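# Summary of the model geometry
This is what each chain is made of:
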Amino acid sequence: MDKLIYRSLGETRYSFTHSSGLPVLFIHKKGFTRKFGVLGVDFGSINTCFQVAGEPVTTVPQGIAHFLEHKLFEQEDGNVLEKYTRMGASPNAATSFSNTYYYFNCTDRFEDCLKLLLHFVFHPHLTPENVEKEKGIIEQEIRMYEDDPYYQCMLGVIRLLYQKNPVRNDIAGSVEDIRSLNRDLLMKCYNTFYRPNNMCLTIVADEDPVKVQALVESAEIPCTILPGVTRISEPEPAALYGKMNRRTMDVALPLFHFGFKDRHEDYQGTARVRRDLAGTIAKELLFGRQTDFYEQMYAEGLINQEFGASYEIEREFALAMISGETEKPEEVETRVRRHLTRVAAQGLDVAEFEMVRASMAGKMLKKLNSPESLGTMVCISSLQGVQAFDYFTACGTITFDEVNRAFREVFLGEMAVS
């Protein structure tokens, strides 16, 4: 077991590999009563076309990763969620574009909670009958999101930004996709991606590291290592798919999402961490609540407290979004465009950059006191080929030039409007 001490952060991370090939990261939080465990899979909604070495290319329906996440909670001896509840723990799972992860929070019975996590994820109980039963539940969830104006507005701008990238598809798929699923397709994806060496277990707790390692090693985890898996996707053109999307739904106020496609380089490791931080600082300098832009727009009643901006970068995509609600969406769009043009001419403010960077460092440090936030960040970053603690150590060293580059490469490109 390897031990790594981050002295400037007061954190200690242990790492080892289960005999099956499962990487394990343990963050020792002395004095914490809450304990958190998360098991992540490098498999998300965008992975619908792949090839196992020596086999033909496989294409599966959209939404299959999300469907599989639902099904793993149903075991032959009962529902996993109910088991955790009886133990006084809080479990859940999530599927994103790139990953799926299963987790629990608890204060007592940590060992039982961890054993259950490692059991139900690695021992699926899928039958033709329970797969069919789940379809109705997933269809209801899909229709719920189809009736969610905010989600549809966000999805609308992503579909304008990307032409080929499967990030433009709904994570849950469509009703037609779900109806075409069967047990064989689900098991094909499970056997391809739910392999220990394609996953990561992260634990954040005040537990003895040696005991944690022994507990994990005692778990019955099948060792399934395939010859190799290639994820297949079409090259994404630089141009946007479109620039404007309008839709009429029942809303109290019109909603908007403005999107920017980051035609980023192939950032890996620390380089991706720094781009993420630089893009996040750039969006805050442009649209944060401390800016004159926000204060003036708010004072004029053009935006409210729902207004915000975000920047996200992963292996397969990178984008920035501005969102909110307003009675005058066209006026907000015009003002955003003018604002970006003005900043491009005048430049970002160095003093404000220093303030925002310091503020972001403080927000990052708060994550260290949240086992769930820290554990999820460490797990998902690892699956993405990034060391999560690099975010904490790099935050204070991001330069003004890096932020300027992110601003010009992202926010001065074509803007899509939903």
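The structure reproduced in this document is the subject of the present report.

Procedures and definitions
- Residues numbered from 1 in each chain as written.
- Predicted model: local features only at pLDDT ≥ 70, side-chain atom pairs only at ≥ 80, totals over all residues.
- Heavy atoms only, no water.
- Helix = DSSP H or I, 4+ residues; strand = E, 2+ residues; numbered from the N terminus.
- Buried < 20%, exposed > 50% of the residue type's maximum accessible area, 1.4 Å probe, protein only.
- Lys, Arg positive; Asp, Glu negative; His and termini not counted.
- Salt bridge = Lys/Arg side-chain N within 4 Å of Asp/Glu carboxyl O.
- Polar contact = N/O pair within 3.5 Å; in protein donor to acceptor, adjacent residues only side chain to side chain.
- Contact = heavy atoms within 4.5 Å.
- Core = buried A, V, L, I, M, F, W, Y, C linked by side-chain atoms within 4.5 Å.
- Pairing = 2+ DSSP bridges.
- Axes fitted to C-alpha atoms, helices over the stretch in contact; angles between N-to-C directions.

## Examining the side chain of Arg13
If you trace the backbone, Arg13 turns up in strand E2 (residues 11-17). For the buried Arg13, which has no salt bridge, the nearest side chain bearing the opposite charge is Asp2, at an N-O separation of 6.8 Å. At 2.8 Å, the side chain of Arg13 and the side chain of Gln387 are in polar contact. Setting aside chain neighbours within four positions, we find Arg13 in contact with Asp2, Lys3, Leu4, Tyr6, Leu25, Phe26, Ile27, Gln387 and Phe389.

## Here we look at the nonpolar core
Ranked by internal contacts, the top residues of the largest apolar core, which has 66 residues, are Phe287, Ile322, Val336, Phe389, Val403 and Phe411. Top element by residues in this core is helix H9 (residues 269-287). It accounts for eight residues. If sequence neighbours within four positions are ignored, Ile322 has contacts with Phe256, His257, Phe258, Phe260, Phe287, Phe307, Gly308, Ala309 and Val336. Grouped together as the second largest cluster of nonpolar side chains are 56 residues, Phe16, Phe43, Phe73 and Ile203 included.

## Section: the pairing of strand E3 (residues 23-28)
E3 sits mainly inside the fold: five of its six residues count as buried. Across five bridges, E2 lies against E3 in antiparallel orientation. Considered in E3, the bridge of Ser15 is made with Leu25. In this structure, the hairpin formed by E2 and E3 is closed by a connection of five residues, where Gly21 is found at a positive phi of approximately 105°.

## Quick look at the sheet that holds strand E5 (residues 49-52)
As summarised here, the arrangement of the three strands in space is E6-E5-E12, forming an open sheet in which the pairing is antiparallel. At either end of the open sheet lies a strand with only one pairing partner, and these are strand E6 (57-59) and strand E12 (229-231). Each strand of the sheet is rotated relative to its neighbour by a mean of 25°, with strand direction disregarded. Here helix H7 (residues 183-193) sits on the sheet in contact with E5, E6 and E12, set at roughly 65° to E5.

## Thoughts on the side chain of His339
The residue His339 is located in helix H11 (residues 329-346) in this model. The class for His339 is buried, based on a relative accessible area of 8%. Not counting residues within four places of it along the chain, the set of residues in contact with His339 comprises Leu286, Phe287 and Phe293.

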